[in-house]
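# Residue-level structure breakdown
Below, each chain spelled out in residue letters.
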Amino acid sequence: MEKRPYVVAIAGGTCSGKSTLTDRLEAYFSPLCQVKVFHMDGYFKKNPPTTIAPITRKEYVEHNHPETLELDRLYQDFQEAAAEGAPWDLVLVEGLFALYLDPIRERADLKVFVDLESDARLVRRIVKHMAWGQTYEQVTDRYLDTVRFRHNELIEPTRWHADVVVNGTLDSNQGEQVVEAFLRGRLGL
């Protein structure tokens, strides 16, 4: 019987440290085994839907709802990578909805939620999005109008699906090291 890859789903709020943790795990395990990484941001629709902010009634392009993803393509790619006999030892799936989407959450062997206070996430988001050319007002208006509502509605409740919650500051790396040690044991490395 062929073995199945070990699947880790990594979720958390915007700018919580999901990608950083995933990148560090990939860097750590790639020399030791075959690793496949899925960043859900790579599955955004080319023409995403819009949403109306609940308070200001402004219209925004929606990037904080599962409907903004090409779910069929994501599920197909994920199922192929996580299938029995796939060439991967470890599959990492990272994104806002990694613990929200049933087909991914139910297949995940380890579910991780990266937690970070909302003010720290907002500061990271401001820095990141301003580097992409957005103004301070554009970033903060969008965050306050839509992102925080979607977080409370869709992302925060997925924490209860997590097997482990990791501190998103990732400064001490102890949470990361705990996950690495656990995975080494599961993968027999």
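Scroll up to find the structure this text is about.
Worth saying up front: this structure is predicted, and the values here are computed from it rather than measured.

## Let's talk about the pairing of strand β6 (residues 110-115)
With five of six residues buried, β6 is to be regarded as a mostly interior element. Of the pairings in the sheet, the one linking strand β1 (residues 6-12) to β6 comprises five bridges and is parallel in character. Its bridge partner being in β6, Ala-11 is matched across the sheet by Phe-113. Sheet topology note: the β6/strand β7 (residues 164-167) ladder contains four bridges and is parallel.

## Digging into the nonpolar core
One finds Met-40, Val-93, Phe-97 and Ile-104 to be the most contacted residues of the largest nonpolar core, which totals 24 residues. Examining the composition of this core, we find that five residues originate from one element, helix α2 (residues 71-82), more than from any other. Ignoring any residue separated from it by four or fewer positions in sequence, one finds Met-40 in contact with Leu-69, Leu-74, Val-93, Glu-94, Gly-95, Phe-97, Ala-98, Leu-101 and Ile-104. With 18 residues, the next largest nonpolar core counts Tyr-6, Leu-21, Val-112 and Leu-170 among its residues.

## Structural notes on the side chain of Asp-89
Residue position: Asp-89 is located in the loop between α2 and β5 (90-94). Of the residues examined, Asp-89 reaches a relative accessible area of 19% and is grouped as buried. Side-chain polar atoms of Asp-89 contact the backbone nitrogen of Gln-34, separated by 2.8 Å. The contact partners of Asp-89, leaving out residues within four places of it in the chain, are Lys-3, Pro-5, Tyr-6, Cys-33, Gln-34 and Leu-187.

Rules behind the numbers
Residues numbered from 1 in each chain as written. Predicted model: local features only at pLDDT ≥ 70, side-chain atom pairs only at ≥ 80, totals over all residues. Heavy atoms only, no water. Buried < 20%, exposed > 50% of the residue type's maximum accessible area, 1.4 Å probe, protein only. Helix = DSSP H or I, 4+ residues; strand = E, 2+ residues; numbered from the N terminus. Pairing = 2+ DSSP bridges. Core = buried A, V, L, I, M, F, W, Y, C linked by side-chain atoms within 4.5 Å. Contact = heavy atoms within 4.5 Å. Polar contact = N/O pair within 3.5 Å; in protein donor to acceptor, adjacent residues only side chain to side chain.

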